Amino acid sequence: FEEAGFKVAVMCFRTCGGSENKKLQAYHMGFTDDLKYIVEELKKDNPELRFFLSGFSLGGNVICKYLGEIGDKALELGIIGASVACVPFNAVACQAKIDAPGFNRSIYAKNFLNSLVRKIVKKSEKPEFAKEVAEKLDMEAIKN
């Protein structure tokens, strides 16, 4: 996109972009705080900036939810359009497909869950999270 003359800002969900999440909380389908922060910072740094949001899968879901939350304020923030693809609008139906026997369950779900477990185990070993982990998580159940 940059080669075509577009200015690009990329948002990766916490722990999904190669940098470590500095909080115990991770992302989820309804988590719009990070996107809200980025949009507000873009507006603050570039008041005349007009831009589009684009998201795939969970990112698309977050964009749709965020746009629903802000409504007409989107234009005030400089958002003039959005494009999303493969959005899991219905979390219950999507989960049923992921849990069904076959590729999704044996490959996708297994790898995704294992990656989440590795991340939280690593985080639980950090002294700054010890108290919060002890209060909120059953690490033995997570590890098993």
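You'll find the structure just up there.
Rules of the game
- Residues numbered from 1 in each chain as written.
- Predicted model: local features only at pLDDT ≥ 70, side-chain atom pairs only at ≥ 80, totals over all residues.
- Heavy atoms only, no water.
- Helix = DSSP H or I, 4+ residues; strand = E, 2+ residues; numbered from the N terminus.
- Expected span 1.5 Å × (residues − 1).
- Buried < 20%, exposed > 50% of the residue type's maximum accessible area, 1.4 Å probe, protein only.
- Arc of directions from axis to C-beta.
- Phe/Tyr/Trp six-rings, centres within 6.5 Å; stacked < 30°, edge-to-face > 60°.
- Salt bridge = Lys/Arg side-chain N within 4 Å of Asp/Glu carboxyl O.

1. A short note on helix H1 (residues 33–45)
In step 1: Helix length check: H1 (13 residues) gives 18 Å between terminal C-alpha atoms against 18 Å at 1.5 Å per residue, within 8%.
In step 2: Burial in H1 covers these residues: Asp34, Leu35 and Val39. One side of H1 holds all its buried residues, which, seen down the axis, span an arc of 130 degrees. Exposed positions of H1 whose direction lies more than 90 degrees from the buried face are Tyr37, Lys44 and Asp45.

2. Concerning the packing of aromatic side chains
The relation between two aromatic rings is expressed through the spacing of the ring centres and the mutual angle of the planes.
In step 1: The tally for this structure, following the rule as stated, stands at 1 aromatic pair.
In step 2: Ring centres 6.0 Å apart and planes at 5 degrees place the aromatic pair Tyr108 and Phe112 in the stacked group. One end of the pair, Tyr108, and the other, Phe112, are both in helix H5 (residues 103–124), 4 residues apart, so they sit about a helical turn from each other.
In step 3: Its relative accessible area of 41% is what places Tyr108 among the partly exposed residues.

3. Quick word on the pattern of salt bridges
In step 1: The tally for this structure, following the rule as stated, stands at 5 salt bridges.
In step 2: One salt bridge in this structure joins Glu69 and Lys65, with 2.3 Å as the shortest N-O distance. Of this pair, Glu69 and Lys65 both sit in helix H2 (residues 58–70), 4 residues apart, which is roughly one turn of that helix.
In step 3: You can call Glu69 partly exposed: its relative accessible area is 43%.
In step 4: In this structure, the salt-bridge partner of Lys131 is Glu135, at a minimum N-O distance of 3.8 Å.

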